[in-house]
Amino acid sequence: EDPSSSSSTQNSVAPELPGFYYDPEKNRYFRLLPGHNNHNPLTKDGIQHKAMECKRLRLLEEEEKQKKITRAGLNSSVLLQKRQLGLLSSTSYCRLVHELKVNCMQRRKIEIHSPDSSVAGTNNFKIIVADVACERIFTVNDVEHGGCKYGIINLSGLGKDSLTVEMYDNLYFTNRKVNSVCWASLTHPDSHVKLCLMGIAETPGCASLLPASLFSSTNPGDRPGMLCSFKISTAWSCAWCLNPQADNCFSTGLTRRVLVTNVVTGHRQTFGTSSDVLAQQFATQTPVLYNGCRSGEIFSIDVRQRNRKGQSWKATRLFHGSAVTSIHLMEAEHYLMAADMAGKIKLWDLRTAKCVKQYKGHHNEYALLPLHVNEEEGLLIAVGQDCYTRIWSLQDAHLLRTIPSPHPSSKDAIPSVVFSSRLGGSRGVPGLLMAVKQDLYHFSY
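Residues numbered from 1 in each chain as written. Predicted model: local features only at pLDDT ≥ 70, side-chain atom pairs only at ≥ 80, totals over all residues. Heavy atoms only, no water.

Novice: Summarise the overall build of the chain; cite the residues concerned and give the values.
Specialist: Scanning the chain from N- to C-terminus turns up four helices and 31 strands. Looking at the chain as a whole, 53% of its 445 residues are labelled buried. For the chain, the share of sequence-separated contacts (at least 6 apart) that also reach a separation of at least 24 residues comes to 47%. Surface exposure of the chain reaches about 21,500 Å², of which carbon and sulfur atoms provide 50%. (Helix = DSSP H or I, 4+ residues; strand = E, 2+ residues; numbered from the N terminus. Buried < 20%, exposed > 50% of the residue type's maximum accessible area, 1.4 Å probe, protein only. Contact = heavy atoms within 4.5 Å. Areas by Shrake-Rupley, 256 points an atom, 1.4 Å probe, with all protein chains shown as cover.)

Shown next, in the form of structure tokens:
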């Protein structure tokens, strides 16, 4: 059942009348009133929001009472017995085990400590992004007087018994919106953080490369400055290249162009496009950059070639029916996962340029929402514009679980998540991290 459905569409007995709303509790019709103000309860938006909130509260109540259990017959001993008897294929067994684990995840709140007691829990989380080892997460938080500030949360204190983390931030803040963030490996793995800021009024956009050591409690008087920063038109996306053939390079997706910059030499390459570039990722086996556009097009660029006019430099070309908001290149680099603003999530075979799987249930209409793929666990995670976190099986595109947000759904309360089998490093704990409003939660996996 789609949580965005209104009560009038859910009730199949009463016919839908234009301009009227049917209340199943009172068993009568009410006229819909014009306007969208908060004091008017009988608008379509108000009714839809009420229905979504009722369902969210019901799901939360079920989870708190531990009524949310896996479907009948799904337990580890039964699955293992069927697998040993040859009644389950290895693919089905793996998917069912993941479904069992995902549906047993319980939400627990994490306590955030900070050297500055006035910092922790005072600003809403906007974005969290984990480094490759999942030892740290870079955070973007809203500031009360407008704008954003940055910080890093150390996950080393996260354990089975301990649910505490350390958060470090500094005086870096901006009055502009952060559109995109990625970790960069310049001097060592995940040594820096790449930020893209949207321009406002007469202030241009900005792309900055910050040393991660800025957000450290050690040697506060000896902090390195910003390594790289330059003004650009509105920046929508960014990516760091780990391929040695394009060493020390990062890309920035701009309005109708792609900019590839070498941090050390300062050399830049510009590739003109017909649309805004909203999502980017470099391949690791080849110096190829994949781009997702507002027009729905996905194309790749070999960054070793020189700039060319026209579109002759585009290699792989795929097409969605709506703006592409996120892309993820799978490890073998034969497949690409992509999501768009119509809520479509597709798995593309890059060798045949055909869609081979679709993951249904995602909700999006206008937001730049990321995908999270964990091939080791065989899971796909995405947070919808409706504030529900959904988890699918990568293998058969089966929706394993829908997690409601702990807070009422709104545009400024869309959760940001991280999933890993090793949160906190090689000896860390598996699970899902969810940042929403001023809170951080751990779902043990």
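Novice: Go over the pattern of salt bridges with me, naming the residues and quoting the values.
Specialist: This structure, assessed with the given rule, holds ten salt bridges. A salt bridge links E376 to R422; the nearest nitrogen and oxygen atoms lie 3.3 Å apart. Residue E376 is located in the loop between β25 (371–374) and β26 (379–383), and its partner R422 is located in strand β29 (residues 416–423); the two are separated by 46 residues in the primary sequence. A relative accessible area of 51% places E376 in the exposed class. When its relative accessible area of 37% is taken as the criterion, R422 is described as partly exposed. Two residues, D412 and K437, come together in a salt bridge whose shortest N-O distance is 3.8 Å. Here D412 is found in the loop between β28 (399–403) and β29, whereas its partner K437 is found in the loop between β30 (429–436) and β31 (439–444), with 25 residues between them in sequence. With a relative accessible area of 39%, D412 lands in the partly exposed category. (Salt bridge = Lys/Arg side-chain N within 4 Å of Asp/Glu carboxyl O.)

Novice: Can you tell me about the environment of F250, naming the residues and giving the values?
Specialist: Considering the arrangement of structural elements, one finds F250 in strand β14 (residues 249–254). When its relative accessible area of 1% is taken as the criterion, F250 is described as buried. Taking the C-alpha atoms as reference, F250 lies 9.8 Å from L209; in sequence the two are 41 residues apart.

Novice: Residue-level account of the sheet that holds strand β22 (residues 335–340), with values.
Specialist: Two orientations exist for strands paired in a sheet by backbone hydrogen bonds: parallel and antiparallel. Spatially, β21-β22-β23-β24 is the arrangement adopted by the four strands of the open sheet, whose pairing is antiparallel. Bordering the open sheet on either side are β21 (324–329) and β24 (354–358), each of which pairs with just one other strand. Each strand of the sheet is rotated relative to its neighbour by a mean of 30 degrees, with strand direction disregarded. Judged from the five bridges that link them, β22 and strand β23 (residues 345–349) form a sheet pairing that is antiparallel. Bridge assignment links M337 to a residue of β23, and that residue is L347. (Pairing = 2+ DSSP bridges. Axes fitted to C-alpha atoms, helices over the stretch in contact; angles between N-to-C directions.)

Geometry only, nothing functional implied.
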